[in-house]
Amino acid sequence: MGGPEIERLIELLSRLPGLGPRSARRAALTLLRQPQTRLLPLADAMQRAGQSVRTCSRCGNLDSRDPCSICTDDHRDGSVICVVEGVGDLWALERAAVHRGLYHVLGGTLSALAGIGPEDLNLRPLLSRLEEGGVREVILALGATVDGATTAHWLADRLQPFGVTVSRVAQGVPMGGALDVLDDGTLAAALMARRAG
Amino acid sequence: MEWDAPALVLSAHAHGEGGAVAHVLTAEHGAFRGLVRGGAGRKDAATWQAGNMVSARWFARLPEQLGTLSAELVHPSAARIMAHRLPLALLSAACALADAALPEREPHPRVFDGLLALLTLLSVDPSEGARRGPAAFLRWEALVLSDLGYGLDLSGCAVTGQTTGLRWVSPRTGRAVSDEAAGPWRDRLLPLPPLFLDPSEDGTPSQWRDGLRLTGAFLQRDLFGQRHRPLPAARSRLHDLLDAAPAEGGSGTSA
């Protein structure tokens, strides 16, 4: 079509989430038409990110610093740690600006099907942080799935000896959600987690 | 080729960006896999949680193809027991066992009915499920062994033929042995909890542990060992959970 370089670019783009071969071709074309304003800055940003971004050794977040900017932020409440499944979940909570404590990225959930066992989770650094002291609450913000709930129960057992409060994010009716369009599972969970008004 | 049937979701794993390959169990058609379009997406992921009862539809151009599955949620077992440790562990272990042990597209209606009854027990009232679920799970495991041709023979003592006082099972033959016939071989036999002999018996944590060891030995040897595969990790986690439970009658695992 336009030489091996373009084919290679399209092939690599098409492997990204949300892009198929057709949308990868459109993205490549947009980049190639404006190399100075789009292609080269993107290539430079990707190269810089590839060289500098690493996994935080304390919490598992991605950042150009280690420990990451969240772990070293003095304005955050270090006594509350929110455990999330992946970096995407951490970003979602940061976007919402609802948690001013620290995080811990578990790197997955226990899953017999995917072959993920306790040894595959990023747990040791969390236990080390608890051993250091100063933590009073661990919030388990894992997915409302069978694997997420199984992991939360398992993790709560592992954290029990540290004497910290272990809490979980609630499940129920989403903001703006009408009851008649909710699935039965969410409705059941919401009703079971009801609280005094 | 196509069918419509009530089904229990055994597992679903992501396929592509929003799709999933789901594994369901039906009474009429056995265990079936199929591609679910959008099955891992925001809208449908809740339907395809293990343990849910769905009204499923499978279709394919040719019977040997993977086919496409679609479903409507009938009973959200998974959502109802997520906050309950022991019922959730039992649901996960049962679904993982059925997922791994049952042959594809071979009807086992008794196994389906047993699993449906177990999941109903666990999810309709999770605290009742925590009390009666382990015994029901163990009896269902024995049923799976029996339906697949490796049943335990608990009808009478293999040595004396007597039908009372059965306390042990031979790990070699799977036949019951009475306490008096066990004699000096007792430490080579597997303990037989009364819940296998009496369907009204709920058992105690120590009997549940004995029961898991009993069915686990035969599942490992006859079903999984032959395929050179370990027992499902979810079953091992159930074992760990029951190991942490108090010795008799407590409910430390039900939170």
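Residues numbered from 1 in each chain as written. Chains lettered and ligands numbered in written order. Predicted model: local features only at pLDDT ≥ 70, side-chain atom pairs only at ≥ 80, totals over all residues. Heavy atoms only, no water.

What counts is decided by this rule: UniProt positions are given in the numbering used here, feature names are shortened, and annotations may be inferred rather than shown by experiment.
Per an unreviewed UniProt entry, chain B is named DNA repair protein RecO, and its organism is Rhizosaccharibacter radicis. The Function (unreviewed entry) field of the UniProt record for chain B holds the comment "Involved in DNA repair and RecF pathway recombination." The heading Sequence similarities (unreviewed entry) in the UniProt record of chain B holds the text "Belongs to the RecO family."

If you check an unreviewed UniProt entry, chain A appears there as Recombination protein RecR from Rhizosaccharibacter radicis. For the record of chain A, the UniProt heading Function (unreviewed entry) holds the text "May play a role in DNA repair. It seems to be involved in an RecBC-independent recombinational process of DNA repair. It may act with RecF and RecO."

### Some remarks on the overall build of chain B
Heads up, the condition is: Helix and strand definitions follow DSSP, with helices as H or I runs of at least four residues and strands as E runs of at least two, each counted in order from the N terminus. For the radius of gyration, the atom set is restricted to C-alpha positions; the globular benchmark scales as 2.2 Å times the number of residues to the power 0.38. Only protein chains enter the accessibility calculation, which uses a 1.4 Å probe. A residue is then buried if its area is under 20% of the maximum for its type, exposed if over 50%, and partly exposed in between. Any two residues whose heavy atoms approach within 4.5 Å are treated as being in contact.
Across its full length, chain B holds seven helices and eight strands. The C-alpha radius of gyration computed for chain B amounts to 19 Å, which stays within 12% of the reference 18 Å derived for 255 residues, consistent with globular compactness. Taking the principal axes of its C-alpha atoms as reference, chain B extends roughly 60 × 40 × 30 Å. For chain B, the proportion of its 255 residues judged to be buried stands at 53%. Long-range pairs, those at least 24 residues apart, make up 57% of the contacts in chain B with a sequence separation of at least 6.

### Regarding the sheet that holds strand 3 (residues 77-84) of chain A
Residues and elements named next belong to chain A. Note the threshold: The criterion for strand pairing is that DSSP finds at least two bridges linking the strands in question. Orientation is described by lines fitted to C-alpha atoms, with helices fitted over the stretch in contact, and by angles between N-to-C directions that extend from 0 to 180 degrees.
Spatial strand order, 4-3-5-6: four strands in an open sheet with parallel pairing. This sheet does not close on itself; its edge strands, each paired only once, are strand 4 (101-105) and strand 6 (165-168). Adjacent strand axes in the sheet meet at a mean angle of 25° when their direction is disregarded. By the bridge criterion, four bridges tie strand 5 (residues 137-141) to strand 6 in an arrangement that is parallel. Across the sheet, the residue bridging to Glu137 is Thr165, located in strand 6.

### Here we look at the packing of aromatic side chains
When we look at a pair of aromatic rings, we describe it by the centre distance and by the angle of the planes. All names here are of chain B. Using the following cut-off: What counts as a ring pair is set by centres within 6.5 Å for rings of Phe, Tyr and Trp (its six-membered ring), and what kind of pair is set by the plane angle: stacked under 30 degrees, edge-to-face over 60, tilted for all other angles.
By the definition in use, this model includes four aromatic pairs over all chains. Ring centres 5.2 Å apart and planes at 85° place the aromatic pair Trp3 and Phe32 in the edge-to-face group. In this pair, Trp3 sits in strand 1 (residues 2-15) while Phe32 sits in strand 3 (residues 30-36), placing the two residues 29 residues apart along the sequence. Across the pair, Phe32 and Trp3 agree in class, each one buried. Centre to centre, the rings of Phe137 and Trp140 are 6.4 Å apart; their planes meet at 40°, and the pair counts as tilted. Placement of both Phe137 and Trp140 in helix 4 (residues 126-147) is noted, with a separation of three residues, approximately one turn of the helix. By the burial criterion, Phe137 is buried, and Trp140 matches it. Aromatic rings pair up to connect Trp3, Phe32 and Trp58 into one cluster.

### Digging into the nonpolar core
Stated precisely, the cut-off is as follows: By convention a nonpolar core is built from buried Ala, Val, Leu, Ile, Met, Phe, Trp, Tyr and Cys residues, the set being connected through side-chain atoms within 4.5 Å. Domain borders in the structure are assigned automatically or taken from a domain database.
Within the largest apolar cluster, 68 residues are counted, with the highest numbers of intra-cluster contacts made by Leu115, Phe137, Trp140 and Leu238 of chain B. In terms of residue count, helix 2 (residues 85-101) of chain B provides more of this core than any other element does, 12 residues in total. When residues of this core are assigned to domains, at least three fall in each of domain 1 (2-78) and domain 2 (81-154 + 192-253) of chain B. Residues within four places of Leu238 of chain B in sequence aside, it is in contact with Leu86, Ala89, Leu90, Ala93, Phe137 and Leu212 of chain B. One finds Cys59, Val84, Leu102 and Leu142 of chain A within the second-largest nonpolar core, a separate group that totals 34 residues.

### A short note on helix 3 (residues 109-124) of chain B
Rules: Take the residue count of a helix, subtract one, and multiply by 1.5 Å to get its expected span.
Look at helix 3 of chain B: 22 Å from first C-alpha to last across 16 residues, which is about the 22 Å you get at 1.5 Å a residue. Taken together, the buried positions of helix 3 of chain B are Val111, Phe112, Gly114, Leu115, Leu118, Leu119, Leu121, Leu122 and Ser123 of chain B.

### Observations concerning the pairing of strand 6 (residues 166-169) of chain B
All names here are of chain B. Alignment of strand 6 against strand 7 (residues 176-178), held across three bridges, turns out to be antiparallel. Paired with Trp168 across the two strands is Val177, which belongs to strand 7. Two successive antiparallel strands, strand 6 and strand 7, enclose a turn made up of six residues, where Gly174 displays a positive phi of approximately 75°. By the bridge criterion, two bridges tie strand 6 to strand 8 (residues 190-191) in an arrangement that is antiparallel. Residue pairing for strand 8: Val169 is matched across the bridge by Leu190.

### Regarding the environment of Arg37 of chain B
Residues and elements named next belong to chain B. With respect to the helices and strands, the residue Arg37 is situated in the loop between strand 3 and strand 4 (53-59). Residue class for Arg37 comes out exposed when judged on its relative accessible area of 62%. On a C-alpha basis, the gap between Arg37 and Gly19 in space is 4.7 Å, while along the polypeptide they are 18 residues apart. When residues no more than four places from it in sequence are discounted, the contact partners of Arg37 are Asp44 and Thr68.

### Concerning the pattern of salt bridges
All names here are of chain B. Note the cut-off: For this analysis, a salt bridge means a side-chain nitrogen from Lys or Arg found within 4 Å of a carboxyl oxygen belonging to Asp or Glu.
Taken as a whole and assessed by the stated rule, the structure comprises 22 salt bridges over all chains. Residues Asp202 and Arg131 are paired through a salt bridge, measuring 3.0 Å at the closest nitrogen-oxygen approach. A residue pair is termed long-range when its members are at least 10 positions apart, and Asp202 in the loop between strand 8 and helix 6 (205-224) and Arg131 in helix 4 qualify at 71 residues. Assessed through its relative accessible area of 19%, Asp202 is described here as buried. Here the residues in one salt-bridge network are Glu128, Arg131, Arg132 and Asp202, joined through shared partners.

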